[in-house]
Amino acid sequence: MLHHNNLEFLGLGNNGYVYKCPGGFAYKMQSSDREVDFMKAAGDCSVTPVSRVMEKPINGSGMLMPSGLIMELATPFNFKLVPPEECKAVMDEMVGLVERLHSEFRIVHGDIKPANFLRCRDGKLRLCDFDSARFIADETADGWQGIISDRYLAPNRGYPDMGPPTVIDDNYALAISLWELFTGKDALIDEDMEDILPKGKTVDLTELEDDGVRDFVRRRLREGGAKV
């Protein structure tokens, strides 16, 4: 029986802790069937899910160990460690990955941020944490109950009463992620989101030195309702 006390802690996912398993795998606690289904539906845009770890009684106590997920072990993406000369190549990877998730697999991720990009063993960048995903064709997204990372939230999404995410929301969050990649800073970390989002405030684009990068980020931020 898998027991997380014997595993190396890697980090915190949206719904549960992530641990390193023997054999080159990772274990995420409290992963839902819905998340696993979206990981499979996202093809090679997602870190590969391997198997489910189902609920089991804990030492006869009547309590259940939360169901989890065994998945491919990958390296967390730390934007602060990317050398400046490599940022544009990483940007192209990030943009291409998100655009392909939308166009080829018709999925909105719903929680785009640097922490949800992972470098896999084959060298490719892929996404994890599909807890907040939805299909583009599902216009109402009935039953959607996602988790929101506030500082990547588009002004047009509404705050604090957010509806299901859209392609525009993914693209806005991607733009904030790219701003973080090129500046090496955490965006809006000390801001009151209830104050700045209704006003369309966002990151300082003057901190982006490259004209092409700045124009790309500006377009995506404007689509999401930022006044830039």
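Quantities reported herein were computed from a predicted structural model and do not represent experimental measurements.

Trainee: What should I look at first to understand helix 1 (residues 33-41) in this one?
Mentor: Side chains that are three or four residues apart share a direction in an α-helix, a result of its 3.6 residues per turn. Taken as a whole, helix 1 has its buried residues at Glu-35, Val-36, Phe-38 and Met-39. Buried residues along helix 1 cover an arc of 160° about the axis, so they all sit on one side. Gly-43 occupies a position one or two residues after helix 1 and carries a positive phi of about 55°.

Trainee: Help me understand the pattern of salt bridges in this model?
Mentor: Oppositely charged side chains may form a pair once their charged atoms are brought near each other. Taken as a whole and judged by the stated rule, the model has 15 salt bridges. Between Lys-113 and Asp-111 there is a salt bridge, with the nearest N and O atoms lying 3.7 Å from each other. Note on Lys-113: relative accessible area 15%, which makes it buried. For the salt bridge of Lys-185 with Glu-207, the shortest nitrogen-to-oxygen distance reads 2.6 Å. Of the two residues, Lys-185 sits in the loop between helix 3 (167-183) and helix 4 (193-196) while Glu-207 sits in the loop between helix 4 and helix 5 (211-223), which places them 22 residues apart along the sequence.

Trainee: How should the packing of helix 3 against helix 5 be read in this particular structure?
Mentor: When two helices pack together, their arrangement is captured by the angle between the axes and the distance separating the axes. Closest axis-to-axis distance for the helix 3/helix 5 pair is 8 Å, and the angle between their directions is 145°. Helix 3 and helix 5 meet at a crossing whose hand is left-handed. On helix 5, the residues that touch Ile-168, Asn-171, Tyr-172, Leu-174, Ala-175, Ile-176, Leu-178 and Phe-182 of helix 3 are Val-213, Phe-216, Val-217, Arg-220, Leu-221 and Glu-223. Here the residues of the contact of helix 3 with helix 5 are counted per class, giving 11 nonpolar, one polar and two charged.

Trainee: Even after reading the chapter, I still don't get a negative patch on the surface, so can you show me in this structure?
Mentor: Side chains of Asp-150, Asp-190, Glu-191, Asp-192 and Glu-194 sit close together on the surface and give a patch of like negative charge. Judged by relative accessible area, Asp-192 falls into the partly exposed class, the value being 48%.

Trainee: Please explain unusual backbone geometry as it appears in this structure.
Mentor: The bulk of non-glycine residues show a negative phi, and the bulk of peptide bonds are trans. Backbone geometry places Arg-106, a non-glycine residue, at a positive phi of 55°. Structurally, the position occupied by Arg-106 is in the loop between helix 2 (87-103) and strand 9 (107-108). For Arg-106, a relative accessible area of 46% translates into the label partly exposed. With a phi close to 55°, Leu-188 is a non-glycine residue in the positive phi region. By the element assignment, Leu-188 lies in the loop between helix 3 and helix 4.

Trainee: Where do I start with the side chain of Arg-126 in this structure?
Mentor: By the element assignment, Arg-126 lies in strand 11 (residues 125-127). The class for Arg-126 is buried, based on a relative accessible area of 8%. Among the polar contacts made by the side chain of Arg-126, one reaches the side chain of Asp-122 at a distance of 2.9 Å. Once residues lying within four places of it in the same chain are set aside, the contact partners of Arg-126 are Asp-44, Cys-45, Ser-46, Val-47, Leu-97, Asn-116, Phe-117, Leu-118 and Cys-120.

Trainee: Just to check I follow, could you spell out the nonpolar core for this structure?
Mentor: One broad trend across soluble globular proteins is that nonpolar side chains are buried collectively. Ranked by size, the top nonpolar core spans 52 residues in total, and within it Met-94, Phe-117, Leu-178, Leu-181 and Leu-221 carry the most contacts. Those elements that place two or more of their residues in this core are helix 1, strand 7 (68-72), helix 2, strand 11, helix 3, helix 4 and helix 5. With residues up to four places along the chain from it excluded, the contact list for Met-94 reads Phe-77, Phe-117, Leu-125, Leu-174, Ser-177, Leu-178 and Leu-181. Val-47, Ala-74, Cys-120 and Cys-128 belong to the second largest nonpolar core, which has five residues in total.

Trainee: Can you walk me through the packing of aromatic side chains in this structure?
Mentor: When we look at a pair of aromatic rings, we describe it by the centre distance and by the angle of the planes. On inspection of all chains with the given rule, the structure shows two aromatic pairs. Between the aromatic rings of Phe-38 and Phe-135, the centroid separation amounts to 4.7 Å while the plane-to-plane angle is 35°, which identifies the pairing as tilted. Of this pair, Phe-38 sits in helix 1 while Phe-135 is found in strand 12 (residues 134-135), placing the two residues 97 residues apart along the sequence. Take Phe-38: its relative accessible area is 8%, and that puts it in the buried class. A relative accessible area of 38% places Phe-135 in the partly exposed class.

Trainee: Is there a simple way to explain the pairing of strand 7 in this structure?
Mentor: Most of strand 7 sits inside the fold, with five of its five residues counted as buried. Relative to strand 7, strand 4 (residues 49-53) runs antiparallel, the two sharing four bridges. What sits directly across from Pro-49, in strand 7, is Met-71.

Definitions and limits used
- Residues numbered from 1 in each chain as written.
- Predicted model: local features only at pLDDT ≥ 70, side-chain atom pairs only at ≥ 80, totals over all residues.
- Heavy atoms only, no water.
- Buried < 20%, exposed > 50% of the residue type's maximum accessible area, 1.4 Å probe, protein only.
- Helix = DSSP H or I, 4+ residues; strand = E, 2+ residues; numbered from the N terminus.
- Arc of directions from axis to C-beta.
- Salt bridge = Lys/Arg side-chain N within 4 Å of Asp/Glu carboxyl O.
- Axes fitted to C-alpha atoms, helices over the stretch in contact; angles between N-to-C directions.
- Left-handed = near helix turned anticlockwise from the far one by under 90°.
- Contact = heavy atoms within 4.5 Å.
- Nonpolar A, V, L, I, M, F, W, Y, C, P; charged D, E, K, R; others polar.
- Patch = residues over 30% accessible without salt bridge, like charges linked within 9 Å, V, L, I, M, F, W, Y side chains within 5 Å.
- Areas by Shrake-Rupley, 256 points an atom, 1.4 Å probe, with all protein chains shown as cover.
- Lys, Arg positive; Asp, Glu negative; His and termini not counted.
- Charge placed at Lys NZ, Arg CZ, Asp CG, Glu CD.
- Polar contact = N/O pair within 3.5 Å; in protein donor to acceptor, adjacent residues only side chain to side chain.
- Core = buried A, V, L, I, M, F, W, Y, C linked by side-chain atoms within 4.5 Å.
- Phe/Tyr/Trp six-rings, centres within 6.5 Å; stacked < 30°, edge-to-face > 60°.
- Pairing = 2+ DSSP bridges.

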